[in-house]
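Structural features, examined
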Amino acid sequence: MDILAQAKKLSQQGRTIYHMEVGEPDFPTAESIVNAGIDALKQSRTHYTPALGLPELRNTVAEYYDRKFSLNINPDRIIITPGASGAIQLVIACLLDAGENILLADPGYPCNRNIAQVLAAETIAIPVDAESYYQLNAEVVAKNWNDKTRAVMVATPSNPTGTLLPAEQLIELAQVVARNKGRLIVDEIYQGLVYDVEDYTALEFSDECFVINSFSKYFGMTGWRLGWMVVPEAYIDVIDRIAQNIYLAPPTVSQYAALTALTAETQIELDRRRDEFKRRRDFLLPALESLGFSIAVKPQGAFYIYANCERFTDDSFSWVKELLNAQGVALTPGIDFGQYLANKHCRFAYTQSLEQLEQAVERIDAFIRR
Ligand SMILES: Cc1ncc(COP(=O)(O)O)c(C=O)c1O
């Protein structure tokens, strides 16, 4: 937040700022989706929907899994939520009571631990490194499990590292969680933004995990606040009751627009954007390495590069602030994502055009050589 506030202040002073701290696509929402939203408004689709979402959208998400992964998911298991954020709140509220804990990767998405804290649950942050692709594995989960542990949460691709959880590693994780009678939560919010390799979903391997997804990233709809979660059959009712109490219903106009987001036609445009993200990664990754950053695992998804900057500093937070003030390049320091080696890392988001990224790299170069 400090970095964002400073970047805004410098922008207002007329400075050119390269926003590589922003975790959302720079593209506007695709035109077909926007038009569907406008149509929904004109047709007065402005009332509450059921708490679990529009039945038509739940069916369409099920069809999407069928088209993309040849999976037959019961639409009743698909819960439409206000962003992945809404899903995270539901699942943590559902699985954890006060004093119980959830295992998370460090580095990882910061809101998970904060949401758990709001709900008086606890988190156990497990340091992860390149050896396990910056992801949890069965061995560390077994080692950290205690009698108050109820769940494990992973994200593939990960924020901040952009690394994928290999399918075999996920299967082993699911097994160790099941042996301990816990629940595995898999955040697939960056699904669709995967480069070089085939995408998968945890639902191919297990009907017992909670799978979170969103219209924010691949679908480019961050501000529409819409996501979904696929839950095991036994949890549909309890999730319904929690959703009714926390937010009543996900946003109606967004749900109608999302019907268009899931069509094969819109996907053509969304895949074009994914290809643009890949081009950016393919430029930025070697460019950062040639400046002296070290990137231990090639990120194969999302739009982030988590780089080791210890050649330049052992205090990445101060370094990032200095870089912003001196050269107008905004990054996110490692401390946002946890404690483990946080001072030696920073996250680059390639949510800027290729030209902007090229200029930003020149400025970082100048800063390093100062
Ligand atoms: C890993 C991860 N999960 C969840 C979210 C929440 O996204 P939203 O609520 O916009 O769907 C984000 C946002 O950056 C994220 O990176």
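Look a little higher up for the structure.
Per chain, the residues get numbers from 1 upward, laid out in the order the sequence is written. Restriction of local features to residues with pLDDT of at least 70 applies here, the model being predicted, together with a cutoff of 80 or more for giving and counting side-chain atom pairs; totals for whole chains, interfaces and linings are based on all residues. Where side-chain values are given, they derive from all heavy atoms of the structure, hydrogens and water being excluded.

**Quick look at the state of the cysteines**
Formally: Criterion for a disulfide: a pair of cysteine sulfur atoms at a distance within 2.5 Å. Burial classes: relative accessible area under 20% of the type maximum marks a residue as buried, over 50% as exposed, and values in between as partly exposed (1.4 Å probe, protein chains only).
Evaluation of the coordinates by the stated rule reveals zero disulfides. Sulfur of C209: no disulfide; nearest cysteine sulfur belongs to C94 and is 14 Å away. Assessed through its relative accessible area of 3%, C209 is described here as buried. Note on C309: no disulfide assigned, nearest cysteine sulfur contributed by C346 at a separation of 4.0 Å.

**Some words on the site of the ligand**
Let me state the cut-off plainly: Put simply, a residue is near a molecule or strand once any heavy atom of it comes within 4 Å of that molecule or strand. What qualifies as a polar contact is a pair of N or O atoms within 3.5 Å, subject to a donor-acceptor requirement within protein and to the restriction that residues adjacent in sequence count only when both atoms come from side chains. Note on areas: Shrake-Rupley, 1.4 Å probe, and residue coverage restricted to the protein chains presented here. Segments assigned H or I by DSSP are reported as helices when at least four residues long, segments assigned E as strands when at least two residues long, and all are numbered from the N terminus. Nonpolar residues are Ala, Val, Leu, Ile, Met, Phe, Trp, Tyr, Cys and Pro. Charged residues are Asp, Glu, Lys and Arg, and all others, Gly as well, are polar.
For the ligand, the set of nearby residues contains 13 residues, the closest of which are A84, S85, D187, S214 and S216. The contact in question runs from a nitrogen atom of the ligand to an N or O atom on the side chain of D187, over 2.6 Å. Alone, the ligand offers 400 Å² of accessible surface; in the complex the protein occludes 92% of this. Examining the composition of the shell around the ligand, we find that four residues originate from one element, helix α4 (residues 83–95), more than from any other. Residue composition of the shell around the ligand, grouped by class: five nonpolar, five polar and three charged.

**Here's the deal with helix α2 (residues 31–42)**
We apply this condition: Expected helix span is taken as 1.5 Å per residue step, with the number of steps being one fewer than the number of residues. Each direction from the helix axis to a C-beta atom contributes to the arc, which is the arc of those directions.
The first and last C-alpha atoms of α2 sit 16 Å apart over 12 residues, in line with the 16 Å expected at 1.5 Å per residue. Inspection of α2 places I33, A36, G37 and A40 among the buried residues, and these make up the whole buried set. The buried residues of α2 all sit within an arc of 100° when viewed along its axis, so they share a single face. Facing away from the buried side of α2, by more than 90 degrees, are the exposed residues E31 and K42.

**Some points on the sheet that holds strand β9 (residues 304–308)**
Defined as follows: Strands are treated as partners if at least two bridges between them are detected by DSSP.
As summarised here, the arrangement of the three strands in space is β9-β12-β11, forming an open sheet in which the pairing is antiparallel. Of all the strands in the sheet, just β9 and β11 (332–333) have a single pairing partner and so form its edges.

**Here's the deal with the environment of K278**
Test applied: Contacts between residues were defined by any pair of non-hydrogen atoms, one from each residue, lying within 4.5 Å.
The residue K278 is located in helix α10 (residues 264–291) in this model. The spacing of K278 and F303 is 25 residues in sequence and 8.4 Å in space, taken between C-alpha atoms. Not counting chain neighbours up to four residues away, the residues in contact with K278 comprise Y195 and D196.

**Looking at the sheet that holds strand β7 (residues 210–214)**
Operational definition: Throughout, an axis means a line fitted to C-alpha atoms (over the contacting stretch in the case of helices), and angles, computed between N-to-C directions, take values from 0 to 180 degrees.
With respect to topology, seven strands assemble into an open sheet ordered β2-β8-β7-β6-β5-β3-β4, the strand pairing being mixed. A strand with exactly one partner marks an edge of an open sheet, and here the two such strands are β2 (78–81) and β4 (122–127). Adjacent strand axes in the sheet meet at a mean angle of 25°, parallel and antiparallel pairs treated alike. Sheet topology places strand β6 (residues 183–187) next to β7; three bridges connect them, and they run parallel. Residue V186 lies in a different strand from β7, and its bridge partner there is V211.

**What to know about the pattern of salt bridges**
We count it as follows: In what follows, salt bridge is the name for a side-chain nitrogen of Lys or Arg lying within 4 Å of a carboxyl oxygen of Asp or Glu.
For the structure shown, the criterion picks out 18 salt bridges. One salt bridge connects R77 with D207, and the closest N-O pair in it is separated by 3.3 Å. Taken together, the residues R77 in the loop between α3 (55–69) and β2 and D207 in the loop between β6 and β7 connect sequence positions 130 residues apart. Looking at D207, the relative accessible area reads 45%, which means it is partly exposed. Its salt-bridge partner being R279, residue E276 comes within 3.0 Å of it at the nearest N-O pair. With a gap of three residues between them, E276 and R279 both fall in helix α10, about one helical turn apart. With relative accessibility at 18%, the residue E276 sits in the buried group. Exposure remark for R279: the relative accessible area of 46% places this residue in the partly exposed category.

**Regarding the pairing of strand β8 (residues 227–230)**
Of the two faces of β8, the one carrying G227 and M229 and the one carrying W228 and V230 are both buried. Of the pairings in the sheet, the one linking β2 to β8 comprises four bridges and is antiparallel in character. Looking at β8, one finds that T81 is bridged to G227. In the sheet, β7 pairs with β8 via four bridges, with the strands oriented antiparallel. When the bridges of β8 are listed, V211 appears paired with V230.

**A few points about the packing of helix α11 (residues 316–327) against helix α12 (residues 354–368)**
In plain terms, the rule: If an angle is under 35 degrees, it is roughly parallel; if it is over 145, roughly antiparallel; if it lies from 65 to 115, roughly perpendicular; otherwise it is oblique. Note on convention: near helix rotated counterclockwise from far helix by under a right angle means a left-handed crossing. Clockwise means right-handed.
Taken N-terminus to C-terminus, the directions of α11 and α12 make an angle of 110°; their axes are 10 Å apart at the nearest point. Relative to α12, the element α11 is oriented roughly perpendicular. Along this stretch, α11 crosses α12, giving a crossing that reads as right-handed. Between α11 and α12, the residues in contact are W319, E322, L323, A326 and Q327 and R363, I364, A366, F367 and I368, respectively. In the contact of α11 with α12, the residues fall into seven nonpolar, one polar and two charged.

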